[in-house]
Amino acid sequence: MTYKIAFLGAGNVAWHLAPALENAGHQITEVYSRNLDHAKHVTERLYTALPKDDLDFSDSEARIFILCVKDDAVPEIADAVILPEESILVHTSGTLPLDILNYSSASYTGIFYPLQSFTKGQKTDISEVSFLLESDDQEILKILRKLAKSLSHHIYTVRSKDRKAVHIAAVFASNFTNHMIRIAEELMQRQGLDFEMLKPLIVETISKSLQIGAKKAQTGPAIREDYETLEEHHRFLNYNEQLAEIYRLISQDIIDS
């Protein structure tokens, strides 16, 4: 089954998700952004979608409205948007609860959260993205499940309180991991060394962690309780107190675990 869909927001999520839904056979009718040029950047990737900079969707042919803006903008836009009858409004946030949409003009509400880090211009395989769904209406949940299944086989029904835990876990697994790699890049650059030599190690570490579990895959001086090496590393990092403290805290957490 195919659906007519409108996007409220023209950021990274819309940039990736709108073309993927269109490629799955759905029709994207409109893309909204306060900045019309931002909406155009998304509609240029689509067939017939129209860019909009106003929130009056009363005449829209869309049934499903995907709200994908920054978390702090969700309540304002959800309350201001004018939707047609029998519309379904969903947000894509990992942390905001379902009831934040309670005061919208939508007939039904839900959550359609793609558990992925999206970057404009960087290709993402949507078929490998996990989608976390929620709705208080079982029929709407079925619709959201059909929509998600047209994109991926990784579909989960997760309540708001549990989705927050998933989002926090994702921050550790993705955002913090990426930040550690950035620190590694800077350390190598500071010494005039080529970061390329670390890439095989990074790939192997992540692959092994996913294959056998992170606890079994853990190596290094902290898990060995090699305090002499830990102290040596800490002294090396004394040029940056914050970095030295990050190293100490993470090493201690590895030892304690």
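Relevant structure appears above.
Presented here is a report on the structure given in the accompanying data block. (Residues numbered from 1 in each chain as written. Predicted model: local features only at pLDDT ≥ 70, side-chain atom pairs only at ≥ 80, totals over all residues. Heavy atoms only, no water.)

Moving on to the overall build of the protein. If you tally the helices and strands in the protein, you get nine helices and eight strands. By sequence separation, contacts in the protein at least 24 residues apart represent 53% of the contacts at least 6 residues apart. For the protein, the exposed area adds up to about 15,000 Å²; of that, 51% sits on carbon and sulfur atoms. Computed over 26 positive and 37 negative side-chain charges, the inter-centroid distance for the protein is 4 Å. (Helix = DSSP H or I, 4+ residues; strand = E, 2+ residues; numbered from the N terminus. Contact = heavy atoms within 4.5 Å. Areas by Shrake-Rupley, 256 points an atom, 1.4 Å probe, with all protein chains shown as cover. Lys, Arg positive; Asp, Glu negative; His and termini not counted. Charge placed at Lys NZ, Arg CZ, Asp CG, Glu CD.)

All right, on to the packing of aromatic side chains then. Enumeration according to the criterion identifies four aromatic pairs in this entry. Each ring, one from Phe57 and one from Phe65, has its centre 5.6 Å from the other, and the planes form 80°; the classification is edge-to-face. With a relative accessible area of 0%, Phe65 lands in the buried category. Relative to Phe131, the ring of Phe112 lies with its centre 5.1 Å away and its plane at 45°, an arrangement referred to as tilted. Of the two residues, Phe112 sits in strand E6 (residues 108-115) while Phe131 sits in strand E7 (residues 130-134), which places them 19 residues apart along the sequence. Residue classification places Phe112 among the buried positions, given a relative accessible area of 0%. Over the face of the ring belonging to Phe57 we find Lys52, whose NZ or CZ atom lies 4.7 Å from the ring centre. (Phe/Tyr/Trp six-rings, centres within 6.5 Å; stacked < 30°, edge-to-face > 60°. Buried < 20%, exposed > 50% of the residue type's maximum accessible area, 1.4 Å probe, protein only. Lys NZ or Arg CZ within 6 Å of the ring centre and 35° of its normal.)

Attention shifts here to the pairing of strand E5 (residues 88-91). Going residue by residue along E5, you find Ile88 and Val90 tucked away on one face and Leu89 and His91 tucked away on the opposite face as well. Where strand E4 (residues 64-67) and E5 come together, four bridges link them in parallel fashion. In the strand pairing of E5, Leu67 is matched with His91. Handedness of the β-α-β unit built from E4, helix H3 (residues 74-80) and E5 comes out right-handed. Pairing analysis gives four bridges linking E5 to E6, with the strands arranged parallel. In the sheet register, Val90 faces E6, and the bridge partner there is Gly110. (Pairing = 2+ DSSP bridges. Right-handed = clockwise from strand over helix to strand, strands pointing away.)

As far as function goes, none of this settles anything; it's purely spatial.
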